[in-house]
Amino acid sequence: PLPWRLISDITVSENPVSPRKKRMIAFGLSSGFLVGVILALVMDKKTQIVFSEKELIKIFGKEPVYKFPINQKEYWGETLNLIKKSYFMQTTKLGLIPLGNINNKLSSIIHQEFEKLIDTQKIILSKDLNETIKCDVQFIIIQKGINTKYELKDFLKRLELQGNKNFEWLLFKT
């Protein structure tokens, strides 16, 4: 027998067969979504950027003194005045340390608001811990989604080396 010979008669099925387009589309969308989510999680872990407030609290070991909403600056003055009354009664110098690539305008506004409440000679705004070492209390200014875990842990280590264990942190959220 030759391989190209017909073995049986040709028959046509009564139920036609065609691609199941809806099933293929659903499978494609769901698998694409799943791959996208997995890829996003892998990239998030790889960058080590801290987006979560809970993660910041875990790294710093304490809650922020206050969580400032960036778009509601009209409430900052009152809150900073309360912070001043709570912390500045027992301190002579206050250090403001913007951490990471935080918006310079944001840290300047905080500095200006504190200057309205406290003598300007008693406030130091600097990213340099050698300058803020003179301060009784240091406020770290943080914004979510800017710093990596490594940067935060490294900063805390340098703060520990500085010898001043009296620090607080302010969180600015969008």
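Residues numbered from 1 in each chain as written. Predicted model: local features only at pLDDT ≥ 70, side-chain atom pairs only at ≥ 80, totals over all residues. Heavy atoms only, no water.

1. Side note on the pattern of salt bridges
Under the counting rule described, the total for this entry stands at five salt bridges. For E55, the salt bridge identified is with K149, shortest N-O distance 2.8 Å. Note that E55 is positioned in helix 2 (residues 53-60) and K149 in helix 6 (residues 149-162), a separation of 94 residues in sequence. Assessed through its relative accessible area of 23%, E55 is described here as partly exposed. Taking relative accessible area as the criterion, K149 reaches 23% and is therefore assigned partly exposed. Among the salt bridges present, the one from K62 reaches E168, with a minimum N-O distance of 3.8 Å. You can see K62 sitting in the loop between helix 2 and strand 1 (66-69) and its partner E168 sitting in strand 5 (residues 167-173), a full 106 residues away along the chain. (Salt bridge = Lys/Arg side-chain N within 4 Å of Asp/Glu carboxyl O. Helix = DSSP H or I, 4+ residues; strand = E, 2+ residues; numbered from the N terminus. Buried < 20%, exposed > 50% of the residue type's maximum accessible area, 1.4 Å probe, protein only.)

2. Some details on the side chain of N147
Relative to the elements of secondary structure, N147 occurs in the loop between strand 4 (137-143) and helix 6. A relative accessible area of 4% means that N147 is categorised as buried. Each residue touching N147, except ones within four places of it in the same chain, is listed here: Q48, I49, V50, L99, G100, I142 and L152. (Contact = heavy atoms within 4.5 Å.)

3. Some points on the nonpolar core
Of all hydrophobic cores here, the largest spans 20 residues; its most connected members are I110, F114 and F172. Elements with a minimum of two residues in this core: helix 3 (76-87), strand 2 (94-98), helix 4 (104-117), strand 4 and strand 5. In terms of residues, this core owes the most to one element, helix 4, which gives four residues. Those residues in contact with F172 that sit more than four places away from it in its chain are F68, I70, W76, L106, I110, I141, I142, Q143 and K144. In terms of nonpolar packing, the next biggest core, distinct from the first, is built from 17 residues, I142, L152, L159 and W169 among them. (Core = buried A, V, L, I, M, F, W, Y, C linked by side-chain atoms within 4.5 Å.)

Note that every value here comes from positions in space, so none of it alone points to a role or purpose.
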